[in-house]
Amino acid sequence: MSPDLERLVRLQNLETAIEDSRRRIAAHPQRVEDADARLARAKDVVDGAKQRLKESQESRREREKEATAYQTRLSKFKDQLSAVKTNREYQAMQVEIETAQKGLGAVEEKVLERMMESDALTAEIKKAEQALVALQKEVDAEKKALAEERAAAEVALTQATEQRGAVIAALEPQLVALFENVARARKGVALCSATRDGLCSACHVRLRPQAFQEVRRNDQIIQCFSCNRILYYIPPPPPVEPAVTHAS
Ligand SMILES: [Zn+2]
């Protein structure tokens, strides 16, 4: 490959590496934010379950107060029962007692329901808290990895930028200008290979036989007639000795 073409290929690789590093650096804050958001959601699950437990316990205390009120009324009725004079008064009192007992039974059932709900919620909180602890560890590790990745991207960006400067300094200014013009028009990709069957690997147009012949020599600057990218050729690897197979 001609030194110019080699430098252009190198320049393209560096441009791609620079772009990739920049993208990774730019994506870093959002990825940290996403990790924090996952953690916040797990905290919300714990807080939500705790809030429901608190409400359930408050509701249970209310029902217990009601039960106490029914019990007070019942013992009052039972005291009064011994003091009634007539059969009618006695029957009326019995109805009152029955009603209060039914009320008490219903309230006690609700207390029981709340107790069961409390148990379920307590188990739910425990599970959510365990999940939160696990996620916290996971997110800490993820943020550490993200920070390392960002630092690595910054180092790669600095190195590639320096190397690009050296490559550009070694190239003819008009070649640099050509590269930059094509790169600007083609989303940063000014160079691409020709496939072995003579297509531009970027825009897939078939190259004219004469142009493909020249591209294969890798000794001059040839642009794709369709997309304008500078073409180079990667020769096929030398044939590999076929593995010996034994018929079985
Ligand atoms: Zn092309």
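**Regarding the coordination of the zinc ion**
As a benchmark, a tetrahedral metal site with four donors has ideal angles of 109.5 degrees, while an octahedral site with six donors has ideal angles of 90 or 180 degrees. Bound to the zinc ion on the protein side are Cys200 (SG), Cys203 (SG), Cys224 (SG) and Cys227 (SG), at distances that span 2.2 to 2.3 Å. Coordination at the zinc ion comes from four donor atoms whose angles at the metal span 104 to 116°, giving a geometry best classed as tetrahedral. Taken in sequence order, the residues that donate to the zinc ion follow the motif C-x2-C-x20-C-x2-C. Taken as a pair, cysteine 200 in the loop between β1 (191–194) and α4 (209–217) and cysteine 224 in the loop between β2 (222–223) and β3 (230–233) lie far apart in primary sequence, 24 residues in all. Judged by its relative accessible area of 1%, cysteine 224 is buried.

**So, the nonpolar core**
Among the nonpolar cores identified, the biggest contains 21 residues, and Leu8, Leu11, Leu171, Phe179 and Leu191 are the most heavily contacted of them. Elements that contribute at least two residues to this core include exactly α1 (3–81), α2 (87–170), α3 (173–185) and β3. Of the residues forming this core, the biggest block, seven residues, is contributed by α1. Here this core spans two domains, and each of domain 1 (21–159) and domain 2 (173–233) adds at least three residues to it. Setting aside residues up to four positions removed in sequence, leucine 8 forms contacts with Leu171, Leu175, Phe179, Leu191, Ile221 and Ile230. Residues Cys200, Leu207, Phe212 and Val215 belong to the second largest nonpolar core, which totals 11 residues.

**Observations regarding the pattern of salt bridges**
With the rule as written, the count across this model stands at 16 salt bridges. The partner of arginine 52 in a salt bridge is glutamate 124, and the shortest N-O contact between them spans 2.6 Å. Placement of the pair is arginine 52 in helix α1 and glutamate 124 in helix α2, with a sequence separation of 72 residues. When its relative accessible area of 40% is taken as the criterion, arginine 52 is described as partly exposed. Where glutamate 154 meets arginine 150, a salt bridge forms, and the shortest distance between an N and an O atom there is 2.9 Å. Linking glutamate 154 with arginine 150, this pair stays in helix α2, spanning four residues, or about one helical turn. Looking at arginine 150, the relative accessible area reads 27%, which means it is partly exposed.

**Comments concerning unusual backbone geometry**
Of note in this structure, histidine 204 is not a glycine but carries a positive phi near 65°. Turning to its location among the elements, histidine 204 is positioned in the loop between β1 and α4. When its relative accessible area of 56% is taken as the criterion, histidine 204 is described as exposed. Of note in the backbone geometry, asparagine 228 takes a positive phi value of approximately 75° without being a glycine.

**Looking at the packing of α1 against α2**
In contact at an axis separation of 5 Å, α1 and α2 are set at 170° when each is read in the N-to-C sense. As far as their axial angle goes, α2 and α1 are roughly antiparallel.

**Digging into the layout of surface pockets**
Where empty space is left in the structure can be found by rolling a water-sized probe over the atoms. Estimated volume of the largest pocket: approximately 180 Å³. Around the largest pocket, the lining is made up of 13 residues, and of these Glu15, Thr16, Glu19, Lys187 and Gly188 lie nearest the centre. Here the element with the most residues in the lining of the largest pocket is α1; it accounts for eight residues. When grouped by side-chain class, the residues that make up the lining of the largest pocket number three nonpolar, three polar and seven charged.

**Side note on the pairing of β3**
Going residue by residue along β3, you find Ile230 and Tyr232 tucked away on one face and Leu231 and Tyr233 tucked away on the opposite face as well. For β1 and β3, the ladder comprises four bridges, and the chain directions are parallel. Considered in β3, the bridge of serine 193 is made with tyrosine 232. Judged from the two bridges that link them, β2 and β3 form a sheet pairing that is antiparallel.

Basis of the calculations
Residues numbered from 1 in each chain as written. Predicted model: local features only at pLDDT ≥ 70, side-chain atom pairs only at ≥ 80, totals over all residues. Heavy atoms only, no water. Donors = N, O, S within 2.8 Å, 3.2 Å for Na, K, Ca; no water. Tetrahedral: all angles 85-135°; square planar, octahedral: opposite > 155°, others 65-115°. Helix = DSSP H or I, 4+ residues; strand = E, 2+ residues; numbered from the N terminus. Buried < 20%, exposed > 50% of the residue type's maximum accessible area, 1.4 Å probe, protein only. Core = buried A, V, L, I, M, F, W, Y, C linked by side-chain atoms within 4.5 Å. Domains from an automatic or database assignment. Contact = heavy atoms within 4.5 Å. Salt bridge = Lys/Arg side-chain N within 4 Å of Asp/Glu carboxyl O. Axes fitted to C-alpha atoms, helices over the stretch in contact; angles between N-to-C directions. Parallel < 35°, antiparallel > 145°, perpendicular 65-115°, else oblique. 1 Å grid on protein atoms, 1.4 Å probe; cavity = no way out; pocket = protein on both sides within 12 Å on 5 of 7 lines; lining within 4 Å. Points joined across faces, edges and corners; volume = space filled by probe spheres on them. Nonpolar A, V, L, I, M, F, W, Y, C, P; charged D, E, K, R; others polar. Pairing = 2+ DSSP bridges.

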